[in-house]
Amino acid sequence: MSCGNAHDTDCREVLDKVYAYLDGELTEGDVSDIRVHLDECSPCLKEYDLDKAVKALVAKHCGCDPVPADLRSKVLARIARVRSELAD
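A quick note: this is a predicted structure, and the numbers were derived from the prediction, not measured.

## Section: the packing of helix H2 (residues 28-40) against helix H3 (residues 42-62)
- Contact geometry for H2 and H3: axes closest at 6 Å, N-to-C directions at 115°. Regarding the angle of H2 to H3, the classification is roughly perpendicular. When H2 is examined against H3, the residues His37, Leu38 and Glu40 are found in contact with a partner set consisting of Ser42, Cys44, Leu45 and Tyr48.
- Looking at the contact of H2 with H3 residue by residue, the classes come out as four nonpolar, two polar and one charged.

## Some thoughts on helix H1 (residues 11-22)
- With 12 residues, H1 should cover 16 Å at 1.5 Å per step; its first-to-last C-alpha distance of 16 Å lies within 8% of that length.
- Turning to H1, its buried residues number three or more, namely Cys11, Val14, Leu15, Val18, Tyr19, Ala20 and Tyr21.
- Packing partners of the buried residues in H1 comprise H2, H3 and helix H4 (71-87).

## Looking at the packing of H1 against H2
- Between H1 and H2, the least distance of the axes is 10 Å, while the angle of their chain directions is 120°. Classified by the angle between their axes, H1 and H2 sit oblique to one another. In this structure, H1 meets H2 at a crossing whose hand is left-handed. In contact with Cys11, Val14, Lys17 and Tyr21 of H1, H2 contributes Asp30, Val31, Ile34, Arg35, His37 and Leu38.
- Taken together, the residues of the contact of H1 with H2 sort by class into six nonpolar, one polar and three charged.

## Let's talk about the state of the cysteines
- Summed over all chains, the structure comprises zero disulfides.
- The thiol sulfur of cysteine 41 is not disulfide-bonded, and the nearest other cysteine sulfur, from cysteine 44, lies at 3.6 Å.
- Residue class for cysteine 41 comes out buried when judged on its relative accessible area of 1%.

## Section: a negative patch on the surface
- There is a patch of like negative charges on the surface, built from Asp8, Asp33, Asp39 and Glu40.
- By relative accessible area, which is 82% here, aspartate 8 ends up exposed.

## Some thoughts on the pattern of salt bridges
- Evaluation of the coordinates by the stated rule reveals nine salt bridges.
- Salt-bridge contacts for lysine 55 lead to aspartate 23; the nearest nitrogen and oxygen are separated by 2.5 Å. Here the residue lysine 55 occupies a position in helix H3, and aspartate 23 occupies one in the loop between H1 and H2, the gap between them amounting to 32 residues.
- The salt bridge involving arginine 72 is made with glutamate 25; its shortest N-O contact spans 3.0 Å. Placement of arginine 72 in helix H4 and of glutamate 25 in the loop between H1 and H2 is noted, with a sequence separation of 47 residues between them.
- A relative accessible area of 38% means that arginine 72 is categorised as partly exposed.

Reading the values: rules and limits
Residues numbered from 1 in each chain as written. Predicted model: local features only at pLDDT ≥ 70, side-chain atom pairs only at ≥ 80, totals over all residues. Heavy atoms only, no water. Axes fitted to C-alpha atoms, helices over the stretch in contact; angles between N-to-C directions. Helix = DSSP H or I, 4+ residues; strand = E, 2+ residues; numbered from the N terminus. Parallel < 35°, antiparallel > 145°, perpendicular 65-115°, else oblique. Contact = heavy atoms within 4.5 Å. Nonpolar A, V, L, I, M, F, W, Y, C, P; charged D, E, K, R; others polar. Expected span 1.5 Å × (residues − 1). Buried < 20%, exposed > 50% of the residue type's maximum accessible area, 1.4 Å probe, protein only. Left-handed = near helix turned anticlockwise from the far one by under 90°. Disulfide = S-S within 2.5 Å. Patch = residues over 30% accessible without salt bridge, like charges linked within 9 Å, V, L, I, M, F, W, Y side chains within 5 Å. Areas by Shrake-Rupley, 256 points an atom, 1.4 Å probe, with all protein chains shown as cover. Salt bridge = Lys/Arg side-chain N within 4 Å of Asp/Glu carboxyl O. Lys, Arg positive; Asp, Glu negative; His and termini not counted. Charge placed at Lys NZ, Arg CZ, Asp CG, Glu CD.

Written out as structure tokens, the structure is:
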């Protein structure tokens with residue numbers, strides 16, 4: 001995905017890291033880059049808001065169930081495939 005505008009950090013890179021950003025798993029440099037990008041890129045901010053809402057909904061309704069160890073990697077792989085298909 002790209003909004004068509006030039007950014008220091010590419011839209012695809014931001015969207016690939018959005019869940020790690022939400023989970024607090026990025027370096028301070030990456031966090032800063034993503035914050036700047038979201039401040040200037042409305043389409044990515046909307047995607048971030050959607051991902052944040054989905055994460056909150058899942059946490060609210062599934063927070064007490066044990067999670068299979070490989071679930072995160074499967075979900076992220078599926079998201080990457082869908083994004084790739086949408087980009088084509």
